[in-house]
Amino acid sequence: AQKVQFIATVIHEPSLLILDEPFSGFDPVNAELIKNEILELKEKGTTILLSTHRMESVELLCDQVAMLNQSKKILDGTIREIKARFRPELVQVTLVGLTQALPSSWQVLSEEEGRVELQLPLQGKGANALLTELMSYGEVVRFQEQLPSMEELFIQQEKANSHA
């Protein structure tokens, strides 16, 4: 019934679509169909207001986000702006073929067969400076900034605002 209601709503390609928890009650296959239809409407220029607690849907479907807590807006902006605002300045690195021992202050996530996974803070260094330093320890095969997910940010903001 929910799927039929969704189809009846979008069949006329409305210019504005308001959706409240559009994926609740759907199995993964039907949720994927709904998601694809929403993305297609978005591509065609439909303005979509989405109310959801599923942050993976927010990251996938939304351009602009407003996060509410007890009817008050606590966060807004584009996904990119929000993530940049709360970026932890951490990078995840994979090194192979170590040529020397790593500093003891570096956080090693895993180490096996000449492959080391690290998580390092930028600590005011630019990414290029850290990358240059890492190259003196071995071959850098992965260097990726660790940005928080929208779910992590939602939880963080909910906790911060519930204590305020």
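In case you missed it, the structure is sitting above this.
On a predicted model such as this, the values are computed, not experimentally measured, just so you know. (Residues numbered from 1 in each chain as written. Predicted model: local features only at pLDDT ≥ 70, side-chain atom pairs only at ≥ 80, totals over all residues. Heavy atoms only, no water.)

A.B. asks: Describe the overall build of the protein, and please don't skip the residues or the numbers.
C.D. replies: Looking only at helices and strands, one finds 6 helices and 8 strands in the protein. Reading the protein from its N terminus to its C terminus gives the helix and strand order α-β-α-β-α-β-β-α-β-β-β-α-β-α. Here the C-alpha radius of gyration of the protein, 21 Å, is well above what a compact globule of 164 residues would show, namely 15 Å. Reported as C-alpha extents along the three principal axes, the dimensions of the protein are approximately 65 × 40 × 25 Å. Looking at the protein as a whole, 30% of its 164 residues are labelled buried. Contacts spanning at least 24 positions in sequence make up 59% of the contacts within the protein whose residues lie at least 6 apart. Total accessible area computed for the protein in this model is approximately 10,600 Å², and 51% of it derives from carbon and sulfur atoms. For the protein, the distance from the average position of its 15 positive side-chain charges to the average position of its 24 negative side-chain charges is 4 Å. (Helix = DSSP H or I, 4+ residues; strand = E, 2+ residues; numbered from the N terminus. Rg over C-alpha atoms; globule rule 2.2 N^0.38 Å. Buried < 20%, exposed > 50% of the residue type's maximum accessible area, 1.4 Å probe, protein only. Contact = heavy atoms within 4.5 Å. Areas by Shrake-Rupley, 256 points an atom, 1.4 Å probe, with all protein chains shown as cover. Lys, Arg positive; Asp, Glu negative; His and termini not counted. Charge placed at Lys NZ, Arg CZ, Asp CG, Glu CD.)

A.B. asks: Describe helix α2 (residues 28–43), with residues and values.
C.D. replies: The α-helix winds at 3.6 residues per turn, so residues separated by three or four positions along the chain end up facing the same way. Taking 1.5 Å per residue, 16 residues should reach 22 Å; α2 reaches 22 Å between its end C-alpha atoms and fits that length. Looking at α2, one finds that the buried residues are N30, A31, I34, K35, I38 and L41. Seen along its axis, α2 keeps its buried residues to an arc of 145°; they face one direction. Pointing more than 90 degrees away from the buried face of α2 are the exposed residues P28, V29 and E43. Measuring from the backbone nitrogen of V29 back to the side-chain oxygen at the start of α2 gives 3.0 Å, which picks out D27 as the cap. (Expected span 1.5 Å × (residues − 1). Arc of directions from axis to C-beta. Polar contact = N/O pair within 3.5 Å; in protein donor to acceptor, adjacent residues only side chain to side chain.)

A.B. asks: Describe the side chain of Q92, and please don't skip the residues or the numbers.
C.D. replies: One can find Q92 in strand β5 (residues 90–96). Apart from residues lying up to four places away in sequence, Q92 is in contact with L109, E117, L118, R142, F143, Q144 and Q146.

A.B. asks: Which residues make up the pattern of salt bridges, and what values do they have?
C.D. replies: This structure, assessed with the given rule, holds 10 salt bridges. Between E32 and K35 there is a salt bridge whose closest N-O contact spans 3.0 Å. Note that E32 and K35 are positioned in helix α2 at a spacing of 3 residues, about one turn of the helix. One salt bridge in this structure joins D63 and K42, with 3.1 Å as the shortest N-O distance. With D63 in the loop between α3 (55–61) and β3 (64–69) and K42 in helix α2, this residue pair connects regions lying 21 residues apart in the sequence. Looking at K42, the relative accessible area reads 26%, which means it is partly exposed. Residues joined in a network through salt bridges with shared partners are E13, E40 and K44. (Salt bridge = Lys/Arg side-chain N within 4 Å of Asp/Glu carboxyl O.)

A.B. asks: Account for the packing of helix α1 (residues 2–10) against α2, naming residues and giving values.
C.D. replies: Two numbers describe how α1 lies on α2: the axes approach to 12 Å, and their chain directions differ by 10°. Overall, the two elements α1 and α2 adopt an arrangement that is roughly parallel. Contact residues: α1 offers K3, F6 and V10, while α2 offers N30, L33, I34, E37, I38 and L41. (Axes fitted to C-alpha atoms, helices over the stretch in contact; angles between N-to-C directions. Parallel < 35°, antiparallel > 145°, perpendicular 65-115°, else oblique.)

A.B. asks: Summarise the sheet that holds strand β8 (residues 139–145); cite the residues concerned and give the values.
C.D. replies: As summarised here, the arrangement of the 4 strands in space is β6-β7-β5-β8, forming an open sheet in which the pairing is antiparallel. Every other strand in the sheet has two partners, leaving β6 (107–112) and β8 as the edge strands with one partner each. Taking the axes of each pair of neighbouring strands and ignoring which way they run, one obtains an average angle of 15° across the sheet. Note: β5 against β8, 6 bridges, orientation antiparallel. Bridge pairing in β8 places L95 opposite V140. Contacting β5, β7 (115–121) and β8, helix α5 (residues 127–135) crosses the sheet at an angle of about 155° to β8. (Pairing = 2+ DSSP bridges.)

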